[in-house]
Amino acid sequence: MMMFLQSLRMALGAIFSSKMRSFLTMLGIIIGVTALVVMVSLVSGASGAVTSEITSLGNDMILVSVRDDKGNPLRLADLEGIAALEEISEAAPAGSFNASAKYSYNEEYVSVTGTTAAYYTIRGLTLASGRFIRTTDVDNSAYVAVLSHDAAQELFGRADVLGERLSTGGRSFLVVGVLAEENSMMASMMSGLAVYVPFTVEASMAGEPYVTTVYASSADPDGTADAETAMNQYMLKRFDQDADAFQLINMSSITDALDSVSGTLTLLLGGIAAISLLVGGVGIMNIMLVSVTERTKEIGIRKAIGASRGSIMTQFLIEALLLSLFGCAFGLMLSWLILEAATIIAGSISFTMSLSTVVLAVGFSSAIGLIFGMYPANKAARKHPIEALRYDG
Amino acid sequence: MENGAAPVISMQDITKIYHVGGEEVRALDHAAMRVAEGEFVSVVGPSGSGKSTLMNIIGCLDVADSGTYVLDGQDILQYSERQLARIRNRKIGFVFQSFNLLAKMTAEENVELPLIYQGLHLTERKERARLALERVGLTDRSRHRPAELSGGQQQRVAVARALATNPAILLADEPTGNLDSKTGADIMRLFRELHEAGNTIVLITHDERIAVLAQRSVRIMDGRVEEDA
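Procedures and definitions
- Residues numbered from 1 in each chain as written.
- Chains lettered and ligands numbered in written order.
- Predicted model: local features only at pLDDT ≥ 70, side-chain atom pairs only at ≥ 80, totals over all residues.
- Heavy atoms only, no water.
- Helix = DSSP H or I, 4+ residues; strand = E, 2+ residues; numbered from the N terminus.
- Rg over C-alpha atoms; globule rule 2.2 N^0.38 Å.
- Buried < 20%, exposed > 50% of the residue type's maximum accessible area, 1.4 Å probe, protein only.
- Contact = heavy atoms within 4.5 Å.
- Pairing = 2+ DSSP bridges.
- Axes fitted to C-alpha atoms, helices over the stretch in contact; angles between N-to-C directions.
- Domains from an automatic or database assignment.
- Salt bridge = Lys/Arg side-chain N within 4 Å of Asp/Glu carboxyl O.
- Buried area = accessible area lost by both parts, 1.4 Å probe.
- Polar contact = N/O pair within 3.5 Å; in protein donor to acceptor, adjacent residues only side chain to side chain.
- Patch = residues over 30% accessible without salt bridge, like charges linked within 9 Å, V, L, I, M, F, W, Y side chains within 5 Å.
- Areas by Shrake-Rupley, 256 points an atom, 1.4 Å probe, with all protein chains shown as cover.
- Lys, Arg positive; Asp, Glu negative; His and termini not counted.
- Charge placed at Lys NZ, Arg CZ, Asp CG, Glu CD.
- Phe/Tyr/Trp six-rings, centres within 6.5 Å; stacked < 30°, edge-to-face > 60°.
- Lys NZ or Arg CZ within 6 Å of the ring centre and 35° of its normal.
- Core = buried A, V, L, I, M, F, W, Y, C linked by side-chain atoms within 4.5 Å.

## Details of the overall build of chain A
- Secondary structure assignment for chain A yields 14 helices and eleven strands.
- Against the globule reference of 21 Å for 393 residues, chain A gives a C-alpha radius of gyration of 33 Å, more extended than a compact globule.
- For chain A, the spread of C-alpha atoms along the principal axes amounts to about 105 × 50 × 30 Å.
- By residue count, 47% of the 393 residues in chain A fall in the buried class.
- Contacts in chain A between residues far apart in sequence, at least 24 positions, make up 78% of those at least 6 positions apart.

Put into structure tokens, the structure is as follows:
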């Protein structure tokens, strides 16, 4: 321990006595660590953001679209059967068409979605004011509409539009609710200028009386796989065991796929960055070899007054390790700055260094320092004291 | 063993052969030598006589090919590299012609260095370094680096470094070789004082005028050692 502390002091002395050279030696490690940490953090930050966007669309949601109804189309009544399944909490139909909507002289192209009350919870929507479509609206085919924040803004120029009327597809709708502004970039992009109306109204306007798309939510948020299985069985039964009649999408399977993609990407980019760390290690070895040769006389003196091979080895090994770790520390600082800057530039996505990334960088740098320090340190330790003393550098 | 004291150095039949360009060079040829405790012995011989080889073997920087060498009661020839390092650290105090101080360290740190390799604690190291520097009269220069010291002062630091471990022998290799005659005389006076204080000193030189300042002289010629009458 004593010896180790002394070696540490000697190594620090050697590193600080030639700062410029030490810095240049570290540069490879600095760049390597920065590349590693920044790339891994960018990928995980970006994929984390995308995953949370998708999750915000409803991670426990299952989407079924009917491709071929085989003459036995789904009706609203069938949804009650689906919702009655143990694994399913709720189910809502969704039919949509695009049309232009008018308010006074203002005209906007909107996406009209016909659905039922259950849609609100399944999609995790939030109201800013008013109410969503009710079951009675659907039963009575009431001409009421709920607008997304963006739709209200574009069409009316303001968000508090309860009681106003808008016309689309030749009909006049009473605005009964306005949704809260989407803070998720992706959700607002996907929903666009959305106008929600009772399913029955939309069905008659679009001339498609049957249910072709069903949104369902899993009863257990962690049991989407079970819900998917139950839904699949129900649909198979409904469509004479024909798996091609419908398509089933589980949102959590999308996030799973995304996770695996980002995992692969992290591994790939991390691997590339690790190669640059290896190059940094070669740089350390190179300079350490020069340093060992330059300090041959010093090694000779130390050996003459009683330094063993072990203590010479320890001294140079610690020096290589410290160079690598200092490089790592600088690299982490630089990465932090870059990630902060990236967060500011990206706006909505925040990039942070995870603890595991830091541990990975420190661990890898230590390993590099030790592995590439081994050869020079061993070379120093094996020098013959007489020849080393005679050396004139 | 003239004065009856136990021998610190006892060499018999020491032979060391180097191979230079396929040719055999007998640097030491059945050399024998004895140094008793408290003696001040000079080994004198021209260059090429084998005195560097002798000094390397006495100093445990090298081992002989054959013969016996007992240093302070320990048979050295069978020792491993690691054990030799330990012997150098504890039993030998080197003083070199070119001082061989570490340029980046202060006088005090240079004197401490062998004590560090002994694993001594800071307080004891500081105390022993201080005492050693005091003995060579350099207490006021302890914070200076070698470059800030004169040649004579540097050699005194080297002597202090050699003394700090209380070694069995002080082994000086041409200690005045890089100094002017006045400073050289100062260093020799220091050695005499150390001898009077009871240190065993082996001084290796080619200079007869230096050699006679020792208590006893040993001549070396063509790898053979003979006592001076």
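Here the narrative resumes, following the displayed structure.
## Description of the sheet that holds strand S5 (residues 74-75) of chain B
Residues and elements named next belong to chain B.
- An order of S2-S1-S4-S5 is seen for the four strands of this open sheet, with the pairing classed as antiparallel. A single partner strand is all that each edge strand has here, and the edge strands are strand S2 (23-36) and S5.
- Pairing of strand S1 (residues 7-20) with strand S4 (residues 66-71) involves five bridges; the strand directions are antiparallel. Of the residues in S4, the one forming a bridge with Met-11 is Tyr-69.
- Here helix H1 (residues 51-58) sits on the sheet in contact with S1, S2 and S4, set at roughly 125 degrees to S1.

## A word on the domain arrangement of chain A
- Domain annotation of chain A identifies domain 1 (2-53 + 257-390) and domain 2 (69-241).
- Computed from C-alpha atoms alone, the centre-to-centre distance between domain 1 of chain A and domain 2 of chain A is 56 Å.

## Re the pattern of salt bridges
- By the definition in use, this model includes 27 salt bridges over all chains.
- A salt bridge links B:Arg26 to B:Asp29, with the nearest nitrogen and oxygen atoms 3.5 Å apart.
- Residues participating in the shared-partner salt-bridge network are A:Arg295, A:Glu298, A:Arg302 and A:Glu319.

## Here's the deal with the pairing of strand S8 (residues 171-179) of chain A
Residue and element names in this part refer to chain A.
- Of the strand pairs in this sheet, strand S5 (residues 127-130) and S8 are connected by three bridges, and their pairing is antiparallel. Looking at the pairing, Leu-127 lines up with Leu-179 of S8.
- Pairing geometry for strand S6 (residues 144-147) and S8, over four bridges, is parallel. Within the sheet, the bridge partner assigned to Val-144 lies in S8 and is Leu-174.

## Section: the interface of chain A and chain B
- The interface is formed by 24 residues belonging to chain A together with 26 residues belonging to chain B.
- Carbon and sulfur atoms make up 63% of the area that chain A and chain B hide from each other, which totals about 2,100 Å².
- Taken together, the connections running from chain A to chain B amount to three salt bridges.
- One salt bridge connects A:Lys303 with B:Glu81, and the closest N-O pair in it is separated by 3.6 Å.
- For the pair chain A and chain B, the interface holds six residue pairs in polar contact (both at pLDDT 80 or more).

## Re a negative patch on the surface
Residues and elements named next belong to chain A.
- Together, Glu-86, Glu-87, Asp-220, Asp-222 and Asp-226 give the surface a local cluster of negative charge.
- If you trace the backbone, Asp-220 turns up in the loop between strand S10 (213-218) and helix H9 (224-238).
- We classify Asp-220 as partly exposed; its relative accessible area is 43%.

## Here we look at the packing of aromatic side chains
Residues and elements named next belong to chain A.
- Applying the stated criterion across every chain yields a total of ten aromatic pairs over all chains.
- Where Tyr-119 meets Phe-132, the ring centres are 6.5 Å apart and the plane angle is 5 degrees; that geometry is what we call stacked. One end of the pair, Tyr-119, is in helix H4 (residues 119-122); the other, Phe-132, is in the loop between S5 and helix H5 (135-140), with 13 residues separating them in the sequence.
- Through pairs of rings, three or more aromatic residues link up here, namely Tyr-119, Tyr-120, Phe-132, Tyr-196 and Tyr-215.
- Of note, Arg-238 hangs over the ring of Phe-239, and the distance from its end group to the ring centre comes to 5.6 Å.

## Focus: the nonpolar core
- Counting 77 residues, the largest nonpolar core has B:Ile9, B:Met11, B:Ile58, B:Tyr69 and B:Leu71 as the members making the most contacts within it.
- By residue number, the principal contributor to this core is helix H12 (residues 309-346) of chain A, which donates ten residues.
- Ignoring any residue separated from it by four or fewer positions in sequence, one finds B:Ile58 in contact with B:Ile9, B:Met11, B:Met33, B:Tyr69, B:Ile92, B:Ile169, B:Leu171 and B:Val202.
- Core analysis: the next-biggest nonpolar cluster, separate from the first, contains 33 residues, B:Val157, B:Ala172, B:Leu194 and B:Ala214 among them.

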